[in-house]
Amino acid sequence: MPSRTNAQWLAELRSSDEPERQAALQDLHQLILHGLPYALSRWLPAQDPRLEALAQEVAQDTVLRVIDRLDSFEGRSRFTTWVHKIAIRLALTELRRRRWKDVSLEDLLQGEGRFPTPAWMADPQTGPEKRVERQDTLAWLGQIMRQELTERQLTAMRALAAGMPLEEVARRMDTNRNALYKLMHDARLNLLRRLSREGFPVDEILASFEGR
Amino acid sequence: MAIGRLWAKLKRIAGRPGEMDQTDPLASALDLLRSLQLTQPGELNCGQVYELIEAAAEAQLRGEPVERIMPLIALHLKVCPDCLEEYEALLRVLRSTDTS
């Protein structure tokens, strides 16, 4: 694949010379296919048969998206880095969707009693006074959360607590990732304000959990 | 998101039945409290971070700490696991391929 500057990529992808444009599109496609196995190595090992199909699908979608958004490239990075970013977003969005497709929020937020006693409660090295203190602090924090946060904030937190990605929680709550992040950010600010009003700096609460 | 993981854990302690408790509530409480320590009024959202993340990744690979040159990006990555996953994936690509 020939090395190109950002300007060359942009010029060739916009070229009215069809062979030149096709060559650039083909190289773009190859660039994406080459990068995705590295990007997705934590999700799909290189030998996983699903990787090839996903990479082909994502590469095709990425090329279309890049062409559609060519004018929005502002040159803050190499053009190819920008392309990889777009491919990664498309690929991870699809992987997250697949992984969580059969899980509803209702399913996710049920199941009390399926899990064992937390390790720290069973740890004989944790003294009884410290265990009680921690339980009291956790109960107090839980109470504050219920008082300070909306049902929507609590639902989102519980889903995130169960490991569902932000994007998937947002989809199920008929919102988007930006709005959900803001919802959680507002929740954190509310909790901080409440802790401040109560006279308990976060640092001090954290310190109360340290040690056994 | 760290703050999110606490809620389900606190349910058992606070006595609301029928809800899930998958991980250690102490660990989750610590996650929550650490995320509160990081919280600032003017945080960037995921979309704003997405617009800058490729520049941040390239800067990091040039040896310029993101915490120093793009502190709001660094902060967001500490509290948003989705964006962190994407950032780390981009770093892996840039480290492993010649993208010029």
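Scroll up for the structure.
Residues numbered from 1 in each chain as written. Chains lettered and ligands numbered in written order. Predicted model: local features only at pLDDT ≥ 70, side-chain atom pairs only at ≥ 80, totals over all residues. Heavy atoms only, no water.

Asker: Tell me about the overall build of chain B, residues and numbers included.
Answerer: Helix and strand content of chain B: six helices and zero strands. Counting from the amino terminus, chain B carries its helices and strands in the arrangement α-α-α-α-α-α. Residue burial in chain B is summarised as follows: out of 100 residues, 56% are buried. Excluding contacts between residues fewer than 6 apart, the proportion of contacts in chain B whose partners are at least 24 apart in sequence is 61%. (Helix = DSSP H or I, 4+ residues; strand = E, 2+ residues; numbered from the N terminus. Buried < 20%, exposed > 50% of the residue type's maximum accessible area, 1.4 Å probe, protein only. Contact = heavy atoms within 4.5 Å.)

Asker: How would you explain the packing of aromatic side chains if you had to name every residue and give the values?
Answerer: For the structure shown, the criterion picks out five aromatic pairs over all chains. Here Phe73 of chain A and Phe79 of chain A contribute two aromatic rings whose centre-to-centre distance is 5.3 Å and whose plane-to-plane angle is 90 degrees, an arrangement assigned as edge-to-face. Given the relative accessible area of 11%, Phe73 of chain A is considered buried. Given a relative accessible area of 0%, Phe79 of chain A falls into the buried group. Arranged with centres 5.1 Å apart and planes meeting at 50 degrees, the rings of Phe73 of chain A and Trp82 of chain A form a pair that is tilted. Exposure class is identical for Phe73 of chain A and Trp82 of chain A. Each is buried. The lysine or arginine in question, Arg4 of chain A, covers the ring of Trp9 of chain A, its NZ or CZ lying 4.5 Å from the ring centre. Lying across the ring of Tyr50 of chain B, Lys85 of chain A places its NZ or CZ 4.1 Å from the centre. (Phe/Tyr/Trp six-rings, centres within 6.5 Å; stacked < 30°, edge-to-face > 60°. Lys NZ or Arg CZ within 6 Å of the ring centre and 35° of its normal.)

Asker: Quick one: what's the story with empty space enclosed by the protein, residue by residue and with numbers?
Answerer: Within this structure, the stated rule accounts for two cavities of 30 Å³ or more. Estimated volume of the largest cavity: approximately 50 Å³. In terms of lining, the largest cavity is formed by Lys85, Ile88 and Arg89 of chain A together with Tyr50, Ile53, Cys83, Glu86 and Leu90 of chain B. Within the residue set of the lining of the largest cavity, elements represented by two or more residues are helix 4 (79–100) of chain A together with helix 3 (46–61) and helix 6 (81–96) of chain B. Across the lining of the largest cavity, the residue classes tally to five nonpolar, no polar and three charged. (1 Å grid on protein atoms, 1.4 Å probe; cavity = no way out; pocket = protein on both sides within 12 Å on 5 of 7 lines; lining within 4 Å. Points joined across faces, edges and corners; volume = space filled by probe spheres on them. Nonpolar A, V, L, I, M, F, W, Y, C, P; charged D, E, K, R; others polar.)

Asker: Before we move on, can you summarise unusual backbone geometry with the specific residues and values?
Answerer: Residue and element names in this part refer to chain A. In this model, Asp174 sits at a positive phi of 55 degrees, which is unusual for a non-glycine residue. Locating Asp174 in the fold gives a position in the loop between helix 9 (166–172) and helix 10 (177–198). Residue classification places Asp174 among the exposed positions, given a relative accessible area of 74%.

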